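Residues per chain, in single letters:
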Amino acid sequence: EHSTHHKANTMLSLAPLVRALPLRLSPSIQRCTLSNSSINNAPEEEVSLRKLSGADAGLAVLTLQRPHSKNAIGRAMLQGLREAIKQCQTDRTLRCLVVNSAVDRVFCPGADLKERATMPQEEVPLFVNKLRETFTMLENLEIPTIVALEGAAVGGGLELGLSCDLRVGSPSAVLALSETSLGIIPGAGGTQRLPRIVGPSVAQELIFTARRVGG
């Protein structure tokens, strides 16, 4: 309750920025904005965290940038997410975090299933648990979090988006919890967060059928 109250107070001061997000997070403007920011991570990292300056001071942008796998979450990207979120936990100058993708036409397709196929069997549940814990860390940040969804956000990618406070989708956004089509269930919090956002009936239909929305 305290965290929600704190986020609400912070969001009041960010209202003009939030209303402008659909425009400012379009691909061309997004790249221009980020090029003028202070960069905390090297460009080759799979996850970057940038603090903006000037009129946007207090805003940080966490960017997924693993183009060769379309931002599928593997070990390195998961570790990068955790480290970026930990930085946000301790940086008292931040007022809001935006999560987005640097890869054209895709936000995140979820876990890297090719990498998972090479994992020892005993590592798979540990990876899923770590993924779930990471999204809970994001959900529990004391600052408001906003995810910019452009292109595919399916499986764990949508679960990442559900962990944020607000979701801004482009016309190209495609959303789905597609795990049941693979004979598994969403394992990173989607079965809990989706019903809270859209209601139990709609959530059950989307999870049971793996239906895609948008696009």
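Residues numbered from 1 in each chain as written. Predicted model: local features only at pLDDT ≥ 70, side-chain atom pairs only at ≥ 80, totals over all residues. Heavy atoms only, no water.

(A) Seen up close, the pattern of salt bridges. Tallied over the entire structure, the rule returns ten salt bridges. A salt bridge links Glu-115 to Arg-75, with the shortest nitrogen-to-oxygen separation between them at 3.9 Å. Placement of the pair is Glu-115 in helix H5 (residues 113-117) and Arg-75 in helix H4 (residues 75-90), with a sequence separation of 40 residues. Salt bridges here are not isolated pairs; linked through shared partners, they connect Glu-46, Arg-66 and Asp-112. (Salt bridge = Lys/Arg side-chain N within 4 Å of Asp/Glu carboxyl O. Helix = DSSP H or I, 4+ residues; strand = E, 2+ residues; numbered from the N terminus.)

(B) Summary view of the layout of surface pockets. One number sums up the size of the largest pocket: a volume of about 350 Å³. What lines the largest pocket is a set of 22 residues, and nearest its centre among them are Ala-111, Leu-113, Gly-156, Glu-179 and Ile-184. (1 Å grid on protein atoms, 1.4 Å probe; cavity = no way out; pocket = protein on both sides within 12 Å on 5 of 7 lines; lining within 4 Å. Points joined across faces, edges and corners; volume = space filled by probe spheres on them.)

(C) Representation of the side chain of Ser-178 within the structure. In this structure, Ser-178 sits in the loop between strand S9 (174-176) and helix H8 (190-198). If we ignore the near neighbours within four places in the chain, the residues touching Ser-178 are Val-154, Gly-155 and Ala-210. (Contact = heavy atoms within 4.5 Å.)

(D) Layout of the pairing of strand S6 (residues 145-149). Within S6, five of the five residues are buried, which leaves it mostly tucked inside the rest of the structure. Burial along S6 is two-sided: the residues Thr-145, Val-147 and Leu-149 and Ile-146 and Ala-148 are all buried. Here strand S4 (residues 96-101) pairs with S6 via three bridges, running parallel. Across the sheet, residue Leu-97 finds its bridge partner in S6, namely Thr-145. Inspection of the sheet shows S6 paired to strand S8 (residues 166-169) by four bridges, in the parallel sense. Looking across to S8, one finds that Leu-149 is bridged to Gly-169. (Buried < 20%, exposed > 50% of the residue type's maximum accessible area, 1.4 Å probe, protein only. Pairing = 2+ DSSP bridges.)

(E) Structural detail: empty space enclosed by the protein. Summed over all chains, the structure comprises two cavities of 30 Å³ or more. Empty space within the second largest cavity amounts to approximately 30 Å³. Lining the second largest cavity we find Leu-62, Leu-81, Ile-85, Thr-134, Phe-135, Leu-138 and Leu-160. For the lining of the second largest cavity, the secondary-structure elements that each account for two or more residues are H4 and helix H6 (123-139). Per-element tally for the lining of the second largest cavity: the top contributor is H6, with three residues. For the lining of the second largest cavity, the class distribution of residues is six nonpolar, one polar and no charged. (Nonpolar A, V, L, I, M, F, W, Y, C, P; charged D, E, K, R; others polar.)

(F) How the structure looks around H6. Taking 1.5 Å of rise per residue, the 17 residues of H6 would be expected to cover 24 Å, and the 24 Å separating its terminal C-alpha atoms lies within 8% of that figure. Looking at H6, one finds that the buried residues are Val-124, Phe-127, Val-128, Leu-131, Thr-134, Phe-135, Met-137 and Leu-138. (Expected span 1.5 Å × (residues − 1).)

(G) How the structure looks around the state of the cysteines. For the structure on display, the rule yields zero disulfides. Unpaired in this structure, Cys-164 has its nearest cysteine sulfur neighbour in Cys-96, at a distance of 9.5 Å. (Disulfide = S-S within 2.5 Å.)

(H) Structural view of the environment of Glu-139. Looking at the secondary structure, you find Glu-139 in helix H6. Separated by 54 residues in sequence, Glu-139 and Ile-85 place their C-alpha atoms 10.0 Å apart. Within the structure, the side chain of Glu-139 is placed 3.1 Å from the side chain of Arg-193, a separation counted as a polar contact. (Polar contact = N/O pair within 3.5 Å; in protein donor to acceptor, adjacent residues only side chain to side chain.)

(I) Representation of the nonpolar core in the model. Ranked by internal contacts, the top residues of the largest apolar core, which has 34 residues, are Leu-62, Leu-64, Ile-73, Leu-97 and Phe-107. Those elements that provide at least two residues to this core are strand S2 (47-51), strand S3 (59-64), H4, S4, strand S5 (106-108), H6 and S6. The residues contacting Leu-97, other than those within four sequence positions of it, are Leu-49, Ala-60, Val-61, Leu-62, Cys-88, Leu-138, Leu-141, Ile-143, Pro-144, Thr-145 and Ile-146. (Core = buried A, V, L, I, M, F, W, Y, C linked by side-chain atoms within 4.5 Å.)

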